[in-house]
Amino acid sequence: MQLTKNNLDTDFDSIPIKSFWNMSDKKENKIHRIHSYPAKFPAFITTKAIEYAENKGVNVNLVADIFCGCGTTAYEATRNGKDFWGCDINPVATLIAETKSQQYSKEKLKKYFDKIRTSFLQYSINIKETWEINSRIKYWFKGKQIKDLLRLKRSINETFPIKSKYRKFFLSAFSNILKPTSVWLTKSIKPQVDPFKKPADVMESFTKQVKMMCDANNENVLTKRTKIKIENINFLNKKINGSFVDLIVTSPPYVTSYEYADLHQLSTLWLDFAEDYRSLREGTIGSLYHNSNFTEDIKELNKTGEKTVFQLYNYDKRKAKSAAKYFVDIQKSVYKAFDILNKKSLAFFVIGNTEYKSVRIDNAKHLVESMILAGFEDIEVTKRKISKKILTPYRDNKGKFTSNKNSRKVYAEEFIIIGTKK
Ligand SMILES: C[S@@+](CC[C@H](N)C(=O)[O-])C[C@H]1O[C@@H](n2cnc3c(N)ncnc32)[C@H](O)[C@@H]1O
């Protein structure tokens, strides 16, 4: 369905699902499963977006993802022989994204793994070193795992120079074993301790993880040499000197759904991205913890943003303030996205709606309105099914499914919004 400012009051629920954007029959490459990441989008979307843009006559040389997360678009663009630029504010995301979009020599991976394992077995950690460890790490890990993780981290760091892609490969493996080797409640989207959990053994988990990543690398045949640049920055602060992108494929963060900084705190602490993981909430779009300047934010909101924020305000003032900041940040991102696009090129946004205490949070309509105001034309909105599996659409404040209608509603569909810069 084509939307303009004249028919923006369309009920988005009535927009039909297009099966073209539902799941693909093709299996995703294993590389997409090397590290868990919340709100990852399906890999096939990038290939279909490239196909769609090329059918519309766009000459796609460079694909961008302004919220690149764990690098789904980065890898798929590269696999399709396109250059890629992307950024994410979360250093754990960009570490995984960089790891995924490289190819590694099988022999070297084996040689380096053996070397890391040998030095791990030789190292011993003295008690003083464990005293110096960040207190937050001590909260999540038991003594044996702390010692083993210290030995493993040191073995990896000493095996490679700082910039080596192999070092990033093994640090990504290290990062993905942190939840199973801690007392973090498995599969929870909110950080909480599982008092009954028996944390996994460090070297066993690392060995399994590296094997899985090596299998993914063997399947991974990136034939054409493409240029890839992934930056760990706040997109809102990116300096733009002219347009350079032919196609954007991205999924923006949602309002107060995932606290990315909190969810990745184990990796942040162990990989020394920050002394206090909470500092990484700063600048993250959609975080509940922003010190918002509410009176200023509401002046900048578009109509959909304003309506939603005022409805929320009646139920939960704090939520309304974070929503205002979220909507303003998304509006700014859409303007910036428009600026980085070359003329006659396309942007694809994948986004779903949510509901909070019966207030509908119309992320999709807000995005369309932002795109119209930024100058995008021929805006096409379609819908896709996320999964057949969502039986109950509500989640409680711990992220578990519930039938309580006062909880956060998650829809079983999401929107694909396509805009053209003419
Ligand atoms: C829905 S996720 C993207 C997931 C991605 N499509 C994938 O498949 O992994 C949104 C991402 O936006 C990032 N983000 C939030 N605020 C940002 C900002 N100001 N600048 C850049 N990235 C940001 C989050 O860290 C998160 O990784």
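Fair warning: this is a prediction, and the values are worked out from it, not measured in the lab.

The rules behind each value
- Residues numbered from 1 in each chain as written.
- Predicted model: local features only at pLDDT ≥ 70, side-chain atom pairs only at ≥ 80, totals over all residues.
- Heavy atoms only, no water.
- Phe/Tyr/Trp six-rings, centres within 6.5 Å; stacked < 30°, edge-to-face > 60°.
- Lys NZ or Arg CZ within 6 Å of the ring centre and 35° of its normal.
- Buried < 20%, exposed > 50% of the residue type's maximum accessible area, 1.4 Å probe, protein only.
- Helix = DSSP H or I, 4+ residues; strand = E, 2+ residues; numbered from the N terminus.
- Pairing = 2+ DSSP bridges.
- Right-handed = clockwise from strand over helix to strand, strands pointing away.
- Near = heavy atom within 4 Å.
- Polar contact = N/O pair within 3.5 Å; in protein donor to acceptor, adjacent residues only side chain to side chain.
- Areas by Shrake-Rupley, 256 points an atom, 1.4 Å probe, with all protein chains shown as cover.
- Nonpolar A, V, L, I, M, F, W, Y, C, P; charged D, E, K, R; others polar.
- Patch = residues over 30% accessible without salt bridge, like charges linked within 9 Å, V, L, I, M, F, W, Y side chains within 5 Å.
- Salt bridge = Lys/Arg side-chain N within 4 Å of Asp/Glu carboxyl O.
- Lys, Arg positive; Asp, Glu negative; His and termini not counted.
- Charge placed at Lys NZ, Arg CZ, Asp CG, Glu CD.
- Contact = heavy atoms within 4.5 Å.
- Axes fitted to C-alpha atoms, helices over the stretch in contact; angles between N-to-C directions.

### Structural notes on the packing of aromatic side chains
For step 1, the next point in the chain: The final tally for this structure, using the stated rule, is 25 aromatic pairs.
For step 2, the next point in the chain: An aromatic cluster of at least three residues, connected via ring pairs, comprises Tyr 104, Tyr 112, Phe 113, Phe 160, Tyr 166, Phe 169, Phe 170 and Phe 206.
For step 3, the next point in the chain: Taking the ring centre of Tyr 104 as reference, the NZ or CZ of Lys 165 above it sits at 5.4 Å.
For step 4, the next point in the chain: Across the ring face of Tyr 356, the terminal group of Lys 319 is positioned such that the distance to the ring centre comes to 4.2 Å.

### Focus on the pairing of strand S3 (residues 83-87)
For step 1, the next point in the chain: Along S3, four of the five residues are buried, which leaves the element largely enclosed by surrounding structure.
For step 2, the next point in the chain: The pairing of strand S2 (residues 62-65) with S3 spans four bridges and is parallel. Counterpart to Ala 64 in the pairing with S3 is Trp 85.
For step 3, the next point in the chain: Chirality of the crossover, the property in question, places the unit of S2, helix H2 (residues 72-79) and S3 among those that are right-handed.
For step 4, the next point in the chain: Of the strand pairs in this sheet, S3 and strand S4 (residues 228-231) are connected by four bridges, and their pairing is parallel.

### Some thoughts on the site of the ligand
For step 1, the next point in the chain: As a structural note, the neighbourhood of the ligand is formed by 23 residues, with Tyr 37, Thr 72, Asp 88, Asn 234 and Ile 285 the closest of them.
For step 2, the next point in the chain: Residue Tyr 37 places a side-chain N or O atom 2.6 Å away from an oxygen atom belonging to the ligand.
For step 3, the next point in the chain: Residue Thr 72 places a side-chain N or O atom 2.6 Å away from an oxygen atom belonging to the ligand.
For step 4, the next point in the chain: Protein contact buries 99% of the 600 Å² of open area that the ligand shows by itself.
For step 5, the next point in the chain: Per-class residue counts for the shell around the ligand are 14 nonpolar, seven polar and two charged.

### Considering a positive patch on the surface
For step 1, the next point in the chain: A surface patch of like charges, here positive, comprises Lys 108, Lys 111, Lys 115, Lys 165 and Arg 225.
For step 2, the next point in the chain: Top contributing element to the positive patch by residue count: helix H4 (residues 106-122), with three residues.
For step 3, the next point in the chain: Examined against the element boundaries, Arg 225 turns out to sit in the loop between helix H9 (202-219) and S4.
For step 4, the next point in the chain: A relative accessible area of 82% places Arg 225 in the exposed class.

### A look at the sheet that holds S3
For step 1, the next point in the chain: If you trace the eight strands from one edge of the open sheet to the other, you get S1-S9-S13-S6-S5-S2-S3-S4, paired in mixed fashion. The open sheet has two free edges, formed respectively by strand S1 (2-3) and S4, since each of these has just one partner strand.
For step 2, the next point in the chain: Across five bridges, strand S5 (residues 245-250) lies against strand S6 (residues 341-351) in parallel orientation. Counted as the bridge partner of Ile 248 is Ala 347 from S6.
For step 3, the next point in the chain: On the sheet, helix H14 (residues 317-340) packs against S3, S5, S6 and strand S13 (413-421) and is oriented at approximately 150° with respect to S6.

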